[in-house]
Amino acid sequence: MEIKTESMKRVVLVNVSGEVNSATAPDLDQALRDQIAAGHKNLVVNLREVSFMSSAGLQALIGAQMKVRRMVPGGNVVLAEVPPRLRETFELVGFHHLFTLYDSNLDAVGSF
């Protein structure tokens, strides 16, 4: 798994690629925590290049969402370019109620 971040005016774009499994999910969790600890409350997580995401990866995303929503003023984690297979998983587990999913980075970044 590889994680690249890009700071923008009102948001941080987090590009994730590879497999997010029980071995790599802690790295994703830490990367998101680092951004939040740095005061970034609006995050776009691009999952276009993610081939697999385990429950540990899903947990990292939920943890980040909970943290930014508790900030004052509250923030948000949105997901961009979610592959169809992952999108199905998100809908099955009800994540489409917790995260807004965008078809492009431009739409996701523009939502802030």
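How each quantity is defined
- Residues numbered from 1 in each chain as written.
- Predicted model: local features only at pLDDT ≥ 70, side-chain atom pairs only at ≥ 80, totals over all residues.
- Heavy atoms only, no water.
- Salt bridge = Lys/Arg side-chain N within 4 Å of Asp/Glu carboxyl O.
- Helix = DSSP H or I, 4+ residues; strand = E, 2+ residues; numbered from the N terminus.
- Buried < 20%, exposed > 50% of the residue type's maximum accessible area, 1.4 Å probe, protein only.
- Pairing = 2+ DSSP bridges.
- Contact = heavy atoms within 4.5 Å.
- Axes fitted to C-alpha atoms, helices over the stretch in contact; angles between N-to-C directions.

Participant: Please clarify how the pattern of salt bridges should be interpreted in this entry.
Facilitator: Between side chains of opposite charge, a pair can form when the charged atoms approach closely. On inspection of all chains with the given rule, the structure shows 5 salt bridges. With a closest N to O distance of 2.9 Å, D29 and R33 form a salt bridge. With a gap of 4 residues between them, D29 and R33 both fall in helix α1 (residues 25-37), about one helical turn apart. For D29, a relative accessible area of 22% corresponds to the partly exposed category. With relative accessibility at 38%, the residue R33 sits in the partly exposed group. Several salt bridges converge on common partners, so that one network encompasses R48, E49 and E81.

Participant: Explain the sheet that holds strand β2 (residues 12-20) to me, please; I cannot follow it from the model alone.
Facilitator: Strands in a sheet are paired, the pairing made by backbone hydrogen bonds, and the direction either parallel or antiparallel. Reading across from one edge, β1-β2-β3-β4-β5 is the order of the 5 strands in this open sheet, with mixed pairing throughout. Where the open sheet ends on each side, the last strands, each with one partner, are β1 (2-7) and β5 (101-102). Both strand β3 (residues 42-53) and strand β4 (residues 76-80) contribute to a ladder of 5 bridges, which runs parallel. Residue pairing across strands places N42 opposite N76, the latter belonging to β4. Here α1 sits on the sheet and contacts β1, β2 and β3; the angle it forms with β2, its principal contact strand, is near 175°. Against the sheet, helix α2 (residues 55-69) touches β2, β3 and β4, its axis set at about 140° to β4.

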